[in-house]
Amino acid sequence: MLFKYFKGSFIFTAVGIAAAYWIGGSKAAFIAAILSVLEVSLSFDNAVVNATVLKDMDDKWRHRFMTWGMLIAVFGMRVVFPVLIVAVIAHMNPYAAFMMAVNDPAKYATTLTSAHIVVAGFGGAFLMMVFLKFFLDKEKDIHWVHVIEAPLSKLGKMEAVEIAVCLAAVYGISTMLPVHEQLSFVVAAIAGLITYILVDGFAALLETEEAGDAGMVARTGLSAFLYLEVLDASFSFDGVIGAFALSNNIFIIAIGLGIGAMFVRSLTIMFVDKGTLDEFRYLEHGAFYAIGALATIMFVGTFHEISEVVTGLIGAGFIGLALASSIRHNKMAKVHGAQEE
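A. Just helix H4 (residues 105–113), in detail. Taken residue by residue, H4 has Tyr 108, Ala 109, Thr 111 and Leu 112 as its buried positions. The arc enclosing the buried residues of H4, seen along the axis, measures out at 165 degrees, which places them on a common side.

Below you can see the structure in the form of structure tokens.
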């Protein structure tokens, strides 16, 4: 039954909506519900990418991803981290920044949104590396859009080419920004790039060969957990800032986005248990195309405003097309199999 995967999410939703109602009445509860729907719609590709990593984790680390990871996602990335950003920007201690969020939410929102350039630089660079690492892979042998992916896979034979492409993109975007914002953007983007290299490199250091198959390696639970949390952070940065268009209350925002994050994690577990990525061979490709689009939108968004609706539609479009292509491929495979018999 599908319900078993979402039981915890529905319970969390009921508690969260009730808490939002207690904080600000029916309007607050409605905003929390809207934010949760937006979070799920914008992060569906995140669930697919999470599943590609989570399938190599054992049950213990999967449980930690759903418990500790959930706490980090809801309170760490959607409450604590924004407060820390405001504390750095406003040159105050974290407690003072938190009290600003509680007592002067308008000022807090203004201060946080002023960090958009830095947030977009960091998150965009990290997600761009995730996108490039998937397609610039010399060992990748399954291609959805062959005319694009086959040359990219061949290009992956060049050492560290994804870093060069990402840095070139960062430089190109920086030239589009006002002079006083260029350094902040470049430094943030380099920080995102370094973070990806460290997290991915840490995973490589801890890789262990699976018994019985010396050619197969799997990420250890800890390295995969860290990778997933940073990935979630990169996805959530823009969502947290964008949420202030609906509410200035950090608790309502945390509840709404937290509900969405919970459903995304439930989707991830379901995808892994049901072997969805194996059943629909191009779904993973669609998700990584969506991540590349999101990274591009975050970069372009530094000098040209782009609606989150557009972001969501692009991501959903890639996922939908990949799913349709996978279904068509499965039907054709069945037909060929029947003809051979």
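Resuming the write-up.
B. Summary view of the packing of helix H3 (residues 94–103) against H4. It is the contact of H3 with H4, at a shortest axis distance of 5 Å, that shows an interaxial angle of 120 degrees. In terms of orientation, H3 lies oblique with respect to H4. Residues Ala 97, Met 100, Ala 101, Val 102 and Asn 103 of H3 form the contact with H4, whose own contacting residues are Pro 105, Lys 107, Tyr 108 and Thr 111.

C. Structural detail: the pattern of salt bridges. Enumeration over the complete set of coordinates arrives at 2 salt bridges. Here Glu 149 and Lys 140 are joined by a salt bridge, their closest N and O atoms 2.7 Å apart. Lys 140 matches Glu 149 in its accessibility class, with the two residues each being buried. Ionic pairing is found between Arg 265 and Glu 229, a salt bridge with its closest N-O pair at 3.1 Å. Taken together, the residues span a long stretch of sequence, with Arg 265 in helix H10 (residues 250–273) and Glu 229 in helix H9 (residues 221–243) at a distance of 36 residues. Under the relative-accessibility criterion, Glu 229 is labelled buried at 5%.

D. Region of the structure containing the packing of helix H2 (residues 59–90) against H4. Where H2 contacts H4, the two axes come as close as 9 Å, and the packing angle between them is 80 degrees. In terms of orientation, H2 lies roughly perpendicular with respect to H4. Contact residues: Val 79, Pro 82, Val 83, Ile 85, Val 86, Ile 89 and Ala 90 in H2; Tyr 108, Thr 111 and Leu 112 in H4. For the contact of H2 with H4, the class distribution of residues is 9 nonpolar, 1 polar and no charged.

E. Examining the packing of aromatic side chains more closely. Throughout the structure, instances matching the rule amount to 11 aromatic pairs. Their ring planes at 80 degrees and their centres at 6.1 Å tell us that Phe 98 and Phe 251 sit as a pair that is edge-to-face. One end of the pair, Phe 98, is in helix H3; the other, Phe 251, is in helix H10, with 153 residues separating them in the sequence. Aromatic pair Phe 134 and Phe 288: ring centres 4.1 Å apart, planes at 0 degrees, arrangement stacked. With Phe 134 in helix H5 (residues 116–135) and Phe 288 in helix H12 (residues 283–300), this residue pair connects regions lying 154 residues apart in the sequence. Each of the two residues, Phe 134 as well as Phe 288, counts as buried.

Rules behind the numbers
- Residues numbered from 1 in each chain as written.
- Predicted model: local features only at pLDDT ≥ 70, side-chain atom pairs only at ≥ 80, totals over all residues.
- Heavy atoms only, no water.
- Buried < 20%, exposed > 50% of the residue type's maximum accessible area, 1.4 Å probe, protein only.
- Helix = DSSP H or I, 4+ residues; strand = E, 2+ residues; numbered from the N terminus.
- Arc of directions from axis to C-beta.
- Axes fitted to C-alpha atoms, helices over the stretch in contact; angles between N-to-C directions.
- Parallel < 35°, antiparallel > 145°, perpendicular 65-115°, else oblique.
- Contact = heavy atoms within 4.5 Å.
- Salt bridge = Lys/Arg side-chain N within 4 Å of Asp/Glu carboxyl O.
- Nonpolar A, V, L, I, M, F, W, Y, C, P; charged D, E, K, R; others polar.
- Phe/Tyr/Trp six-rings, centres within 6.5 Å; stacked < 30°, edge-to-face > 60°.

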